[in-house]
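# Coordinate inspection notes
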Amino acid sequence: MNSPILGEFLGTMILLLLGDGVVAAVLLKRSKEEGSGWMVIAAGWSFAVMAGVFTAIACGSSDAHLNPAVTIGFAMRDGNFAKFGPYLVAQILGAMVGAALVWLHYFPHWKETPDTAAKLGCFCTAPAVRNSLSNLLSEIIATFVLVFVVGAVFSKNVSATGPAAGLGPYLVGSLVWGIGLSLGGPTGYAINPARDLGPRIAHAILPIAGKGGSDWGYAPIPVIGPLIGGVLAGVLLRVLAIS
């Protein structure tokens, strides 16, 4: 019954349920975590990645990418793009379902929250200072770090057998925590096209109380930027023979 596609779908669903869930906990009115800040969000997203990776592996995806930028980055490194299309669909659908579950979980709080930007922020990213070129560059840099360092963590150049069994998800989660703290300020560090696009679609179609627009004008940046960052990281991994 388990399969790589199921693993990518369920892993990404858990990733978004916990990741967008912590943002909703911090931003929505009358949440017990309201106003608890960026450290809580960054930590929550790191644990969300860890949980999503474990879920994906258990359900059949040994890759546990959960992110089209990671998938395309490793495809560039290995020269095999067969997984990109199927994984992309599973990841976006999983992200949409995870975001919908966040809406259900915090159902009464949407009506209590008048700020439409805060509601949208529970689903997808927006820049602190809106500058398309700078925002795109931030997403490229942050995603490059994600894909390149993940490649390094699992490289045989570091360990012939890779990380000890079960350790990998903790290491990746720690990396995402570091990226969130160090590089997340400008754009909210989407670093994952599915993580941003799937929930943005969910925001657009769900009957969220008092919601505003879904900011489609910004939406291409957290899709295109991470894909470029992933490609650049994959190329460098290939050039340096890190695999």
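Above: the structure in question.
Residues numbered from 1 in each chain as written. Predicted model: local features only at pLDDT ≥ 70, side-chain atom pairs only at ≥ 80, totals over all residues. Heavy atoms only, no water.

## Focus on the packing of helix H9 (residues 193-205) against helix H10 (residues 221-239)
- Contact pair H9 / H10: the axes reach a minimum separation of 8 Å and the direction vectors enclose 165°. One way to sum up the angle between H9 and H10 is to call them roughly antiparallel. Classified by chirality, the crossing of H10 by H9 is left-handed. For the pair H9 and H10, the contacting residues are Pro-193, Asp-196, Leu-197 and Arg-200 in the first and Pro-222, Val-223, Pro-226 and Leu-227 in the second.
- Looking at the contact of H9 with H10, its residues break down into six nonpolar, no polar and two charged. (Axes fitted to C-alpha atoms, helices over the stretch in contact; angles between N-to-C directions. Helix = DSSP H or I, 4+ residues; strand = E, 2+ residues; numbered from the N terminus. Parallel < 35°, antiparallel > 145°, perpendicular 65-115°, else oblique. Left-handed = near helix turned anticlockwise from the far one by under 90°. Contact = heavy atoms within 4.5 Å. Nonpolar A, V, L, I, M, F, W, Y, C, P; charged D, E, K, R; others polar.)

## Re H10
- Under the 1.5 Å per step criterion, the end-to-end length of H10 is 27 Å for 19 residues, consistent within 8% with the ideal 27 Å.
- Buried within H10 we find Ile-221, Pro-222, Val-223, Gly-225, Pro-226, Gly-229, Gly-230, Ala-233, Gly-234 and Leu-237.
- Looking at the residues trailing H10, positive phi occurs at Ala-241, about 55°. (Expected span 1.5 Å × (residues − 1). Buried < 20%, exposed > 50% of the residue type's maximum accessible area, 1.4 Å probe, protein only.)

## Here's the deal with the packing of helix H7 (residues 132-153) against H10
- Where H7 contacts H10, the axes come no closer than 7 Å and their chain directions differ by 40°. It follows from the interaxial angle that H7 and H10 lie oblique. As H7 runs across H10, the sense of the crossing is right-handed. Each of Ser-132, Asn-135, Leu-136, Glu-139, Ile-140, Thr-143, Phe-144, Val-147, Phe-148 and Gly-151 in H7 lies in contact with H10, whose residues at this interface are Ile-221, Pro-222, Ile-224, Gly-225, Pro-226, Ile-228, Gly-229, Gly-230, Leu-232, Ala-233, Leu-236 and Leu-237.

## Points about the nonpolar core
- Counting residues in hydrophobic clusters, the biggest one holds 31 residues, and the most contacted among them are Leu-15, Trp-45, Leu-146, Ile-179 and Tyr-189.
- Those elements that place two or more of their residues in this core are helix H1 (4-27), helix H2 (38-58), helix H3 (68-78), H7, helix H8 (168-183) and H10.
- Counting residues per element, this core draws most heavily on H2, at seven residues.
- Dropping the residues within four chain positions of it, Leu-15 is found in contact with Asp-20, Trp-45, Ala-48, Val-49, Gly-52, Leu-66 and Asn-192.
- One finds Leu-28, Ala-99, Trp-103 and Cys-122 within the second-largest nonpolar core, a separate group that totals 15 residues. (Core = buried A, V, L, I, M, F, W, Y, C linked by side-chain atoms within 4.5 Å.)

## Thoughts on unusual backbone geometry
- Its identity is not glycine, yet Ala-64 carries a phi of approximately 50°, on the positive side.
- Considering the arrangement of structural elements, one finds Ala-64 in the loop between H2 and H3.
- What makes Ala-64 buried here is its relative accessible area of 10%.
- Of note, the phi angle at Ile-191 is positive, near 45°, even though the residue is not glycine.
- By the element assignment, Ile-191 lies in the loop between H8 and H9.
- Given the relative accessible area of 6%, Ile-191 is considered buried.

## With respect to the packing of aromatic side chains
- Applying the stated criterion across every chain, the model contains six aromatic pairs.
- Ring geometry for Phe-144 against Phe-148: centres 5.6 Å apart, planes inclined by 5°, an arrangement best described as stacked. Of this pair, Phe-144 and Phe-148 both sit in helix H7, four residues apart, which is roughly one turn of that helix.
- According to the relative accessible area criterion, Phe-144 is partly exposed, its value standing at 25%.
- Sitting over the face of the ring of Phe-74, Arg-77 holds its NZ or CZ atom 4.6 Å from the ring centroid. (Phe/Tyr/Trp six-rings, centres within 6.5 Å; stacked < 30°, edge-to-face > 60°. Lys NZ or Arg CZ within 6 Å of the ring centre and 35° of its normal.)

## Description of the environment of Gly-173
- Checked against the element boundaries, Gly-173 lands in helix H8.
- For the pair Gly-173 and Gly-44, spaced 129 residues apart in sequence, the C-alpha separation works out to 9.7 Å.

## So, the side chain of Ser-46
- Structurally, Ser-46 is set in helix H2.
- At a separation of 2.7 Å, a polar atom in the side chain of Ser-46 contacts the main-chain carbonyl oxygen of Ala-43.
- In contact with Ser-46, other than residues within four places in its own chain, are Gly-173, Val-176 and Trp-177. (Polar contact = N/O pair within 3.5 Å; in protein donor to acceptor, adjacent residues only side chain to side chain.)

## Description of H8
- The end-to-end C-alpha distance of H8, which contains 16 residues, comes to 22 Å, matching closely the 22 Å that a straight helix rising 1.5 Å per residue would cover.
- On its buried face, H8 is in contact with H2 and H7.

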